[in-house]
Amino acid sequence: MLRLLIGSCMLVYGSYSDVRTREVSDVVWLVMTVSGIIFAGVELFMGRLVLFQVFKSLLVGGISALLLYILNFGGADIKAIISISILFPNFPSLSAFHRYLPMMGVPPLDIFVLSTLTNSLLIALLAPISLFFYNLLRRDFSPLMFLGYRVEIPALRRRKHFKLMHEIEDKGSEIEKRYIWGGIEPTEEVLGLLGDLERAKKIKEVWVTPELPFIVYLTAGFFTAALYGDFISTLLF
């Protein structure tokens, strides 16, 4: 229970911090890591935890962190995965309201960090589906409707955590748009150019793609794994 409380508090705070400031203090991961080492040491000494289970969790956590690094995920996401693998060498188990959690039971592999990661990836897949239905309701049909949505240029400065989907160039008599994979940061220079084009009535709206930090999905994956169980195991078994 104490493990789950520490993990929950640290991940929720880390998500909040990343959304607000795009930074997460290393103290968050230090608290999770040190707590995990202490808990594991005590449980190994008492015989409630086997060394192979710790090795299994650390191995999967290390491989997952390496893959996230290769795929250019943020440092907070990588540190979160490593910290979870240390704090939770196996699935947390607790009872609430006469029910044992996770609700669907512990999956066969019993690697909590793996279930957290796979759950978070599946939850992240809801984002493009949500965008599609959002654009569908607005009758804004485009091949980009799974990736973003249109925003009026004056409203851009009031928004946070997004990227522009097109590079826009003023050709004099016309506006040229080029889709940019990965998006374009809305810097002051870019927003200033768009403002000039909007005032000249050459362009009214632009496509943007939301940028929610992955640690938010990771936190959702953490809670669903702890309370519900492993999504993939539930589907397969």
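The preceding data block contains the structure.
Just so it is clear, the structure is predicted and the values come from calculations on it, not from any experiment. (Residues numbered from 1 in each chain as written. Predicted model: local features only at pLDDT ≥ 70, side-chain atom pairs only at ≥ 80, totals over all residues. Heavy atoms only, no water.)

(A) Structural view of the packing of helix H4 (residues 75-87) against helix H8 (residues 214-227). The interhelical angle for the contact between H4 and H8, taken along N-to-C directions, is 25 degrees, at an axis separation of 9 Å. When the axes of H4 and H8 are compared, the pair comes out roughly parallel. Two secondary-structure elements touch here, H4 through Asp77, Ala80 and Ile81 and H8 through Phe214, Ile215 and Leu218. (Axes fitted to C-alpha atoms, helices over the stretch in contact; angles between N-to-C directions. Helix = DSSP H or I, 4+ residues; strand = E, 2+ residues; numbered from the N terminus. Parallel < 35°, antiparallel > 145°, perpendicular 65-115°, else oblique. Contact = heavy atoms within 4.5 Å.)

(B) Region of interest: helix H2 (residues 26-46). With 21 residues, H2 should cover 30 Å at 1.5 Å per step; its first-to-last C-alpha distance of 30 Å lies within 8% of that length. Turning to H2, its buried residues are Val28, Trp29, Met32, Ser35, Gly36, Ala40 and Glu43. When H2 is viewed along its axis, its buried side chains cluster within an angular range of 135 degrees and face the same direction. In H2, the exposed positions angled more than 90 degrees off the buried face are occupied by Val27, Leu30, Ile37, Ile38 and Phe45. On its buried face, H2 sits against helix H1 (2-21), H4 and H8. Immediately beyond the C-terminal end of H2, within one or two residues, lies Gly47, with a positive phi of roughly 80 degrees. (Expected span 1.5 Å × (residues − 1). Buried < 20%, exposed > 50% of the residue type's maximum accessible area, 1.4 Å probe, protein only. Arc of directions from axis to C-beta.)

(C) Representation of the side chain of Thr116 within the structure. In this structure, Thr116 sits in helix H5 (residues 112-124). A residue is classified by how much of its surface remains accessible, and Thr116, at 0% relative accessible area, is buried. Leave out the neighbours within four places in its chain, and Thr116 touches Ile84, Leu218, Gly221, Phe222 and Ala225.

(D) Summary view of the pattern of salt bridges. Under the counting rule described, the total for this entry stands at 12 salt bridges. When the shortest N-O distance is used, the salt bridge between Asp140 and Arg150 registers 2.8 Å. Taken together, the residues Asp140 in the loop between helix H6 (126-137) and strand S3 (149-152) and Arg150 in strand S3 connect sequence positions 10 residues apart. For Lys202, the salt bridge is made with Asp170, and the minimal N-O distance between the two is 3.2 Å. Of this pair, Lys202 sits in the loop between helix H7 (188-199) and strand S6 (205-210) while Asp170 sits in strand S4 (residues 162-170), and the two are 32 residues apart along the sequence. Its relative accessible area of 37% is what places Lys202 among the partly exposed residues. Residue class for Asp170 comes out partly exposed when judged on its relative accessible area of 35%. A cluster of three or more residues bridged by salt bridges with shared partners is formed by Arg22, Lys163, Glu185 and Glu211. (Salt bridge = Lys/Arg side-chain N within 4 Å of Asp/Glu carboxyl O.)

(E) Just the environment of Thr209, in detail. Tracing the chain through its elements places Thr209 in strand S6. Excluding anything up to four places from it in sequence, Thr209 contacts Leu147, Gly148, His161, Phe162, Lys163 and Met165. One polar contact links the side chain of Thr209 to the main-chain carbonyl oxygen of Leu147, over a distance of 2.7 Å. (Polar contact = N/O pair within 3.5 Å; in protein donor to acceptor, adjacent residues only side chain to side chain.)

(F) The environment of Leu94, seen in detail. Within the fold, Leu94 resides in strand S1 (residues 94-96). Taking the C-alpha atoms as reference points, Leu94 and Leu4, separated by 90 residues in sequence, lie 9.5 Å from one another. Discounting residues that sit within four places of it in the chain, Leu94 has contacts with Met1, Leu4, Arg99, Tyr100 and Leu101.

(G) Spatial organisation of the layout of surface pockets. The calculated volume of the largest pocket comes to roughly 1400 Å³. Taken together, 40 residues form the lining of the largest pocket, with Gly182, Thr209, Pro210, Glu211 and Leu212 sitting closest to its centre. Broken down by secondary-structure element, the contributors of at least two residues to the lining of the largest pocket are H4, H5, H6, S4, strand S5 (175-184), S6 and H8. Here the element with the most residues in the lining of the largest pocket is S5; it accounts for five residues. The class makeup of the residues in the lining of the largest pocket is 24 nonpolar, eight polar and eight charged. By volume, the second largest pocket amounts to about 320 Å³. Contributing to the lining of the second largest pocket are 16 residues, with Met1, Arg3, Glu43, Pro92 and Ser93 lying nearest its centre. Elements represented by at least two residues in the lining of the second largest pocket include exactly H1 and H2. Take the lining of the second largest pocket: its biggest share by element is three residues, from H1. (1 Å grid on protein atoms, 1.4 Å probe; cavity = no way out; pocket = protein on both sides within 12 Å on 5 of 7 lines; lining within 4 Å. Points joined across faces, edges and corners; volume = space filled by probe spheres on them. Nonpolar A, V, L, I, M, F, W, Y, C, P; charged D, E, K, R; others polar.)

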